[in-house]
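Below, each chain spelled out in residue letters.
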Amino acid sequence: MARSSRTADSFTALALVLFLFPPYALAAGKPVIKADCQISEHPCTKTTDGLTATLEITPRPVRDMRELVFTVFLSQGSKAVTDAKVAVDLTMPDMIMGQNLVRMAHKMQGIYAGKGVIVRCPSGKKLWRAEVRAHRGKKTIVVPFLFEVR
Amino acid sequence: METGYVFAFTTGLAGGFGHCIGMCGPLAASFSVQGKRSPPSVVIGRQLLYHAGRVTTYALIGAVMGYAGSFVNVAGSLMGVQNSVMILAGVLMVAMGLGIAGLIGGTAWIERHNAGVLGAARRVIAHPSGLRNFPLGLLMGLLPCGLSYTSFIAAAGTGSPVSGMMLMLAFGCGTVPALAAFGAAAGYVGSRLRGRVQQAGGLLVLAMGLYYIVKGIRLYAEM
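What this report covers is the structure whose coordinates are included nearby. (Residues numbered from 1 in each chain as written. Chains lettered and ligands numbered in written order. Predicted model: local features only at pLDDT ≥ 70, side-chain atom pairs only at ≥ 80, totals over all residues. Heavy atoms only, no water.)

With that settled, consider the overall build of chain B. For chain B, the count of helices and strands is 10 helices and zero strands. Secondary structure of chain B in N-to-C order comes out as α-α-α-α-α-α-α-α-α-α. Relative to its full complement of 223 residues, chain B shows a buried share of 54%. In chain B, once contacts between residues fewer than 6 apart in sequence are set aside, the share between residues at least 24 apart is 85%. (Helix = DSSP H or I, 4+ residues; strand = E, 2+ residues; numbered from the N terminus. Buried < 20%, exposed > 50% of the residue type's maximum accessible area, 1.4 Å probe, protein only. Contact = heavy atoms within 4.5 Å.)

Written as structure tokens, this is what we have:
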């Protein structure tokens, strides 16, 4: 009887730990995601499905809780893409932060620009993902960039 | 705009389970775990009062954001206050954790040795009326939170105080089910705790309180 009571208490304690600290308990063993773009140093360029996107965020260094200008240059081969509807979707790989979409307007010759804010996560995490979403006709091409804010 | 409210509500609902439980769950849970055993209806009632206060604060900030039409300007002036609230929440949790773990022989120790902040915290925690949870929620609604920041950007984008308020009200209501259920569940678990297990729960709340304090100080340093 005493043994089953101890077992029940152990399960209760385990449940309490999981209830109180789910992300900390579950975070162990997760693969580490690293930045692939030094956005505070220079613009970054990537190609997905033949679409090349160059992302620049200013002012540099890129800090959270500041108004930022996002600039995207789109090209396919040697041609600038001027007919796309473009948005930059900002998310954190390790935390749900709600939808933060920067809508971009075409400025000239494949250059799109928009203003947005990267919010601060009080957990201290700084890694963000910016997905450049280019809609052309019925097709959407997503070019992801992973970077750290300061 | 109604679509925006529905989207804000669903953001809060999804974020409540995926984000808020991790970041603020321990705080909501600690309000349930501390104190004497209470029937489930009382525990749930206290949780709902706490969240009503929190959502009210969100709605008020949403109105200010909508009026100002700028997230950056308003958030900039709010940040100092929010970091202080994070430290205060940490202090509250440390006080509660010590009490739950039975390390300070009840709240009298706090009153004897800490006439200042901890004494004030004790008065809030030990107030006999469950209604204390509403002002507590009003205050804790000011906690810095990445998910609510994102919603504040949308509130600022509405360009109207009423729309900003409604949007944040929808978002805040969306976060309630996850946090209230989490807090109430912790209260149920808490009521079953005995001896060493209760001490462990108290130490966890204490550790989380220290975490909040360190984070709050670090956020100040980053300003």
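A word on the side chain of Asp 64 of chain A. Residues and elements named next belong to chain A. Structurally, Asp 64 is set in the loop between strand E2 (51–58) and strand E3 (67–76). Asp 64 sits in the buried class, given a relative accessible area of 2%. Separated by 3.0 Å, the side chains of Asp 64 and Arg 120 make a polar contact. (Polar contact = N/O pair within 3.5 Å; in protein donor to acceptor, adjacent residues only side chain to side chain.)

Bringing the state of the cysteines into the picture now. Residues and elements named next belong to chain A. Across all of its chains, the model carries one disulfide over all chains by this definition. Cys 37 shares a disulfide with Cys 44; S-S distance 2.1 Å. Across the S-S bond linking Cys 37 and Cys 44, the dihedral sits near 85°, which makes this disulfide right-handed. (Disulfide = S-S within 2.5 Å.)

This part is about a nonpolar patch on the surface. Among the surface-exposed residues, Val 162, Met 165, Met 166 and Leu 169 of chain B lie close enough to one another that they form a single nonpolar patch of about 300 Å² accessible area. As for its position among the elements, Leu 169 of chain B is in helix H9 (residues 161–192). (Patch = residues over 30% accessible without salt bridge, like charges linked within 9 Å, V, L, I, M, F, W, Y side chains within 5 Å. Areas by Shrake-Rupley, 256 points an atom, 1.4 Å probe, with all protein chains shown as cover. Salt bridge = Lys/Arg side-chain N within 4 Å of Asp/Glu carboxyl O.)

Once that is clear, we can look at the pattern of salt bridges. Residue and element names in this part refer to chain A. Under the criterion given, the structure shown has nine salt bridges over all chains. A salt bridge links Arg 150 to Glu 41; its shortest N-O distance comes to 2.7 Å. In this pair, Arg 150 sits in the segment after strand E10 (139–148) while Glu 41 sits in the loop between helix H2 (22–27) and strand E1 (44–48), placing the two residues 109 residues apart along the sequence. Under the relative-accessibility criterion, Glu 41 is labelled partly exposed at 45%. Glu 56 is paired through a salt bridge with Arg 60; the nearest N and O atoms lie 3.2 Å apart. Residue class for Arg 60 comes out partly exposed when judged on its relative accessible area of 37%. If you follow the salt bridges from partner to partner, you end up with Asp 64, Arg 120 and Lys 126 in one network.

The next point concerns helix H4 (residues 71–101) of chain B. Residue and element names in this part refer to chain B. At Met 79, H4 shows its maximal bend, which comes to roughly 40°. Where H4 begins, the side chain of Ser 70 points an oxygen toward the backbone nitrogen of Asn 73, at a separation of 3.1 Å. Where H4 ends, the next residue or the one after it, Gly 102, has phi of about 70°, a positive value. (Bend = angle between axes of the 7 residues up to and from the residue.)

Our focus in this paragraph is the packing of aromatic side chains. This model, assessed by the stated rule, comprises three aromatic pairs over all chains. Here the aromatic rings of Tyr 58 of chain B and Phe 171 of chain B are separated by 5.8 Å at their centres, their planes lie at 40°, and the arrangement is tilted. Here Phe 171 of chain B lies in helix H9 and Tyr 58 of chain B lies in helix H3 (residues 40–68), a separation of 113 residues in the sequence. Note on accessibility: Tyr 58 of chain B and Phe 171 of chain B belong to one class, buried. Ring centres of Phe 71 of chain B and Tyr 149 of chain B lie 6.1 Å apart, and the angle between their planes is 70°; on these two criteria the pair is classed as edge-to-face. Of this pair, Phe 71 of chain B sits in helix H4 while Tyr 149 of chain B sits in helix H8 (residues 146–158); the two residues are 78 residues apart in sequence, bridging distant segments of the chain. In this pair, the class of Phe 71 of chain B matches that of Tyr 149 of chain B, namely buried. Between the NZ or CZ atom of Lys 46 of chain A and the centre of the ring of Phe 145 of chain A, over which it lies, the distance is 5.8 Å. (Phe/Tyr/Trp six-rings, centres within 6.5 Å; stacked < 30°, edge-to-face > 60°. Lys NZ or Arg CZ within 6 Å of the ring centre and 35° of its normal.)

Functional significance is not addressed by these values, which are geometric in nature.
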